[in-house]
Structure formats: structure tokens, C-alpha cells
Amino acid sequence: MENNDIKISTNSLELFYGDIHALKNINVEIEERKVTALIGPSGCGKSTFLKTLNRMNDLIPSVRITGDVYLDNLNVYKQYDIVELRKRVGMVFQKPNPFPMSVYDNIAYGPRIHGIKAKNKLDEAVEKSLRNAALWDEVKDRLKQNALGLSGGQQQRLCIARVLAVEPEVVLMDEPTSALDPISTLKIEDLIDDLKEKYTIVIVTHNMQQAGRISDKTAFFLHGEVVEFDSTEKIFSMPTDKRTEDYITGRFG
């Protein structure tokens, strides 16, 4: 598969919370094994859009969605079983949310749900996922300890490892470093850079410098619309829309 193949695409995607029109005519193509950043002021639809990609909005009763979301050219809302979809499209949230159980059981949770029972297979999945999340060396002697005893930055990498354990293809991240200190933030950014060799990553960030550092493509959201979507370099150096330029240079938002 070519590196620049389209992994996710949306076609005329619209989303309503009751009467509120939260997403308007979203047409984007997200490339495989690239980092796509979603930027824009609070309440502009970034997180809502992110959640349409693995149907997290299905949990909200007042939501109505029209248009299409495709993963590998199959319609996410019509052609995927939701369990299968969420295995392929994992999600990391703003605040670390480890389960109140051991480090080991946090990671083994997903593989067990998907039918892996053999201890050697689980051991392998736990070590591999923690290594992929750059956490193994820090926790390998603490696997039986409660995950809530880890630092905030370690907890967030644990949550990333937990997503990786079910071997997804896409990892969605909703402001994964906003609750972390600068050193932990840098570790997560380095990690994202490593992960894109294997995974397609879509990240919502409020931090413009972060978007500039880690992403290949950037989408600028405003009032539920995508104003501009291009290579990060172009968005930050030569945006074509005045509103993008105003946001990036700090004139509003």
C-alpha cells in the first residue's frame, strides 16, 4: 500500500445536537500513516468531528448525522460492526483514564475482550504495547501495581498502550497532552512521531506549536466548518484564507 493512500474520508458530513448545527459539510481525506492535526478555537467542532470517526457520538441521544464517513472505502455508519470499528479506530482522551486495576490488566483488557486468553499471548501483547508506547522500561517492574499510582504522563502513555494492544490502524487523540506538564508532553509528542510509522493518527490540539511540530497535515475548524485543510507547512506559512492566518497569528481564538 502506498504511504499516501487515503485511510479515512468524509463526504458532506453534517452533525446536529438537537437544533445545534455542530458540523457543516465536512469533506476531508486523511492519509494513511500521517499525523493530521485538527486546530481551531474551543467549540468549533474539532472533538465532535474526531468522535464521528469511530462513532463515539452514537452514545448521545440528540445527535443526528448526515453524509458519510469512510474507513478504507467502507462506510463507517453502514458497513462496520461497531466493535470491529472501535478495534480498528482507537481513541485516547484528554485526561488519562486508566482503569482502576493493575498496569498489566489495563493493557490485557482489550486483547481479552477480543478472545485472547493464553497467558503467553497476553504477556506478549502487554510488553509489545508498552514498548510501543515508550513505557515498558518505566513500568516493567510494576506490572502488578495499580495503574492509578503512575504519574499523569505515564498514565496517558498507558492509555495509548491500551489502545495499541488491540492492534488498531487508526489512533484518534483528543488533546492528549492538555493535562500534562511540558516534559510529559514532549514524551507524548516523540511517541506520536514514532507511532506514525505504523498508525494513522488524528489529533485535536489547542497548542499551535504542537500542531506545527508533530503533524503532516492540518485542518483548521471554525464554527463547525473546515476553513482550510492542507499540509501543515503550508497552513502555517502560507494559509490561503484570512481567517486561518488570523487564528494562527493569534488575532483571535
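None of the values given here were measured: they were computed from a predicted structure.

Draft legend 1. Just the environment of Asp246, in detail. Within the fold, Asp246 resides in helix α10 (residues 242-248). Asp246 sits in the buried class, given a relative accessible area of 15%.

Draft legend 2. A look at the sheet that holds strand β10 (residues 217-222). Strand order in the open sheet formed by six strands is β7-β8-β9-β4-β10-β11, with mixed pairing between adjacent strands. Two strands in the sheet have a free side with no partner beyond their single neighbour: β7 (89-92) and β11 (225-231). Sheet twist, expressed as the average angle between the axes of neighbouring strands with direction ignored, equals 15°. Examined bridge by bridge, strand β8 (residues 170-174) and strand β9 (residues 200-204) share five bridges and lie parallel to one another. What sits directly across from Val171, in β9, is Ile201.

Draft legend 3. Expanded view of the packing of aromatic side chains. Counted according to the given criterion, the structure contains three aromatic pairs. Relative to Phe221, the ring of Phe49 lies with its centre 5.5 Å away and its plane at 40°, an arrangement referred to as tilted. With Phe49 in helix α1 (residues 46-52) and Phe221 in strand β10, this pair connects stretches of sequence that are 172 residues apart. Take Phe49 and Phe221: they sit in the same class, and that class is buried. Aromatic pair Phe220 and Tyr247: ring centres 5.1 Å apart, planes at 25°, arrangement stacked. Of this pair, Phe220 sits in strand β10 while Tyr247 is found in helix α10, placing the two residues 27 residues apart along the sequence. Taking the relative accessible area as the measure of exposure, Phe220 reaches 0% and is therefore buried. Above the face of the Phe16 ring, Arg64 is positioned so that its terminal group lies 4.2 Å from the ring centre. Positioned above the aromatic ring of Phe99, the side-chain terminus of Arg162 is 4.0 Å from the ring centre.

The rules we used
Residues numbered from 1 in each chain as written. Predicted model: local features only at pLDDT ≥ 70, side-chain atom pairs only at ≥ 80, totals over all residues. Heavy atoms only, no water. Helix = DSSP H or I, 4+ residues; strand = E, 2+ residues; numbered from the N terminus. Buried < 20%, exposed > 50% of the residue type's maximum accessible area, 1.4 Å probe, protein only. Pairing = 2+ DSSP bridges. Axes fitted to C-alpha atoms, helices over the stretch in contact; angles between N-to-C directions. Phe/Tyr/Trp six-rings, centres within 6.5 Å; stacked < 30°, edge-to-face > 60°. Lys NZ or Arg CZ within 6 Å of the ring centre and 35° of its normal.

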